[in-house]
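Listed here are the chains, written in short residue letters.
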Amino acid sequence: MVVAESIIDLPLPEAEAVAPEASPDALNDVRPIPRVSIQAFCETDGVAKPIEKAGLDRRMAKAHLRVHKGGIRAAAEHFSSAPTPNLVILESRFAPGELVEELEALADVCDPGSKVVVIGHYNDVTLYRDLMRRGISEYLVAPISIADVMEVIGTLFTAPDAEPLGRSIAFVGAKGGVGSSTIVHNVAWAISKRFSSDVVLADLDLPFGTANINFDQDPAQGIAEAIFSADRMDDVLLDRLLSKCAEHLSLLAAPSALDRTYDFAGDAFNALIEAAQRGAPVVALDVPHAWGDWTRNVLMRADQIVITATPDLANLRNTKNLVDTLRKLRPNDPPPHLVLNQLAMPKRPEIEPGEFCDPLGLEPIAQIAFDPQIFGKAANNGQMVVETDPKHVAVAAFDHIAHVLTGRHEGRKPKKTGLLSRLRGK
């Protein structure tokens, strides 16, 4: 929220103005912030709280942010005996003339290489231009939102000519055997085929991954080499490790071998995922049903999350736990997407979809019926469902998921037809 192009000198009233909460969509285009140090000096809670919340965002994971009480004078006193960080954020309720004078005192103790952002309470274009002439990086007018904070930080520390990053989409099952891998494989295929968009599919289940089988691939190298060479991960190495599945779909296959154990640090996959995002618009992550530092970190940092569940009590409990945990880990992101899979399995008691979704506060983006014949045939042949039966109802579900995750327009949501409708008597 940059100062408006009008000559106004109106302070906000003494009562703090509070900016409306930024919608998750407002943060969609914010790139991850690099490893920078930031210190903020705030006079009001209305400014301090959005900055603190921005510091908790997944896109700020590498940055180091501290928020102090007090404005420009507190900053000048602090930096008189301490080095200045990469970015100093200052809130001031001083009138324009006094604000400029106070900044002069700060200039004496501020390192030349540090950037400074001022958050003021006067919407004054003359002040704005004066501050820009004096080397201030940006001037914002309170109230501010999380999106304002992150946008200005991203603008200051991201090269304007940097290539856009691809979106990472993590797929995880609420329970083992619910078909999450089948979903991610077919959706990745749908995105690459329907939109002619490059997709990198990474099978993160190193001991038991099935992507190489489902795509009938047997690459000599894959994701294991990428993880164990993380210190030298770059675009060249990644290209060498990728296996081509289709014109726009590349695979990082899991070794699916038990000749070693796979215990990873929390950030083990970060370098790989970032490299993949630099090279493809979509990075689909097949996350195993496990809970450790690295799976938690992958889910926390992903741009979108898809949880696959089947309609029973254990799945409901696990999905609820996942949704609640992810909301805490990702406070500025929308909730995960839900796919209900293997519905209407003969002789299995099930929770109705409406009853399943109500405690989650989610609507499923797809409901896929249990059909072991077509899914089993596709898996055994190393094919996607659309290759085995292009007219199968599940193909429409995969296409719909692809539209939702990429934000592409789709005419209408697929109807619940075929096996699921017949078994439910609809």
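Here is a short report on the structure shown in this document.

Calculation rules
Residues numbered from 1 in each chain as written. Predicted model: local features only at pLDDT ≥ 70, side-chain atom pairs only at ≥ 80, totals over all residues. Heavy atoms only, no water. Helix = DSSP H or I, 4+ residues; strand = E, 2+ residues; numbered from the N terminus. Buried < 20%, exposed > 50% of the residue type's maximum accessible area, 1.4 Å probe, protein only. Contact = heavy atoms within 4.5 Å. Areas by Shrake-Rupley, 256 points an atom, 1.4 Å probe, with all protein chains shown as cover. Pairing = 2+ DSSP bridges. Right-handed = clockwise from strand over helix to strand, strands pointing away. Salt bridge = Lys/Arg side-chain N within 4 Å of Asp/Glu carboxyl O. 1 Å grid on protein atoms, 1.4 Å probe; cavity = no way out; pocket = protein on both sides within 12 Å on 5 of 7 lines; lining within 4 Å. Points joined across faces, edges and corners; volume = space filled by probe spheres on them. Nonpolar A, V, L, I, M, F, W, Y, C, P; charged D, E, K, R; others polar.

**Structural notes on the overall build of the protein chain**
For step 1, the next point in the chain: Scanning the protein chain for helices and strands turns up 17 helices and 13 strands.
For step 2, the next point in the chain: Burial status across the protein chain gives 51% buried among its 426 residues.
For step 3, the next point in the chain: Within the protein chain, contacts between residues separated by at least 24 positions form 79% of all contacts whose residues are at least 6 apart in sequence.
For step 4, the next point in the chain: Only carbon and sulfur atoms are counted for the fraction: they give 50% of the accessible area of the protein chain, which is about 20400 Å².

**A few points about the environment of isoleucine 136**
For step 1, the next point in the chain: Structurally, the position occupied by isoleucine 136 is in the loop between α4 (125-133) and β5 (138-141).
For step 2, the next point in the chain: It is 9.9 Å that separates the C-alpha atoms of isoleucine 136 and serine 114, two residues lying 22 residues apart in sequence.
For step 3, the next point in the chain: When residues no more than four places from it in sequence are discounted, the contact partners of isoleucine 136 are Leu103, Val116, Val118 and Leu131.

**Considerations on the pairing of strand β12 (residues 337-343)**
For step 1, the next point in the chain: The buried fraction of β12 amounts to six of the seven residues, a majority that puts the element mostly inside the structure.
For step 2, the next point in the chain: Sheet topology places strand β11 (residues 304-309) next to β12; four bridges connect them, and they run parallel. Its bridge partner lying in β12, alanine 309 is registered against leucine 340.
For step 3, the next point in the chain: Regarding the hand of the β-α-β motif, the stretch spanning β11, helix α12 (residues 313-329) and β12 is right-handed.
For step 4, the next point in the chain: The pairing of β12 with strand β13 (residues 366-369) spans three bridges and is parallel. The residue of β13 that forms the bridge with leucine 340 is glutamine 367.

**Here we look at the pattern of salt bridges**
For step 1, the next point in the chain: Inspection of the entire model under this criterion finds 16 salt bridges.
For step 2, the next point in the chain: Among the salt bridges present, the one from arginine 73 reaches glutamate 102, with a minimum N-O distance of 2.8 Å. Here glutamate 102 lies in helix α3 (residues 96-107) and arginine 73 lies in helix α2 (residues 72-79), a separation of 29 residues in the sequence.
For step 3, the next point in the chain: Of the residues examined, arginine 73 reaches a relative accessible area of 55% and is grouped as exposed.
For step 4, the next point in the chain: When the shortest N-O distance is used, the salt bridge between glutamate 104 and arginine 134 registers 2.5 Å.

**Some details on the side chain of threonine 308**
For step 1, the next point in the chain: Structurally, threonine 308 can be placed in strand β11.
For step 2, the next point in the chain: A residue is classified by how much of its surface remains accessible, and threonine 308, at 0% relative accessible area, is buried.

**Quick notes on the layout of surface pockets**
Over the atoms rolls a probe the size of a water molecule, and its path tells where empty space is left.
For step 1, the next point in the chain: Volume-wise, the largest pocket comes out at about 720 Å³.
For step 2, the next point in the chain: Forming the boundary of the largest pocket are 32 residues, of which Val30, Arg31, Pro32, Leu165 and Gln277 lie nearest the centre.
For step 3, the next point in the chain: Secondary-structure elements contributing two or more residues to the lining of the largest pocket are β6 (167-173), α10 (270-279) and α11 (293-301).
For step 4, the next point in the chain: It is α10 that provides the largest number of residues to the lining of the largest pocket, a total of five residues.
For step 5, the next point in the chain: Class assignment for the residues of the lining of the largest pocket results in 15 nonpolar, seven polar and 10 charged.
For step 6, the next point in the chain: A volume near 590 Å³ is recorded for the second largest pocket.
For step 7, the next point in the chain: Looking at the lining of the second largest pocket, the elements with two or more residues in it are α6 (180-194), β10 (282-287), β12, β13 and α14 (372-381).

**Details of empty space enclosed by the protein**
For step 1, the next point in the chain: Tallying each qualifying case throughout the model produces one cavity of 30 Å³ or more.
For step 2, the next point in the chain: Listing elements by their share of the lining of the largest cavity, those giving two or more residues are β7 (199-203), α10 and β10.
For step 3, the next point in the chain: Residues of the lining of the largest cavity, tallied by class, amount to eight nonpolar, no polar and no charged.

**With respect to the pairing of β11**
Side chains on a regular strand alternate between the two faces of the sheet.
For step 1, the next point in the chain: Buried residues dominate β11, accounting for six of its six residues.
For step 2, the next point in the chain: Burial along β11 is two-sided: the residues Gln304, Val306 and Thr308 and Ile305, Ile307 and Ala309 are all buried.
For step 3, the next point in the chain: With five bridges joining them, β6 and β11 adopt parallel strand pairing. The residue of β11 that forms the bridge with valine 172 is isoleucine 307.

Interpretation in functional terms is not warranted from these geometric data alone.
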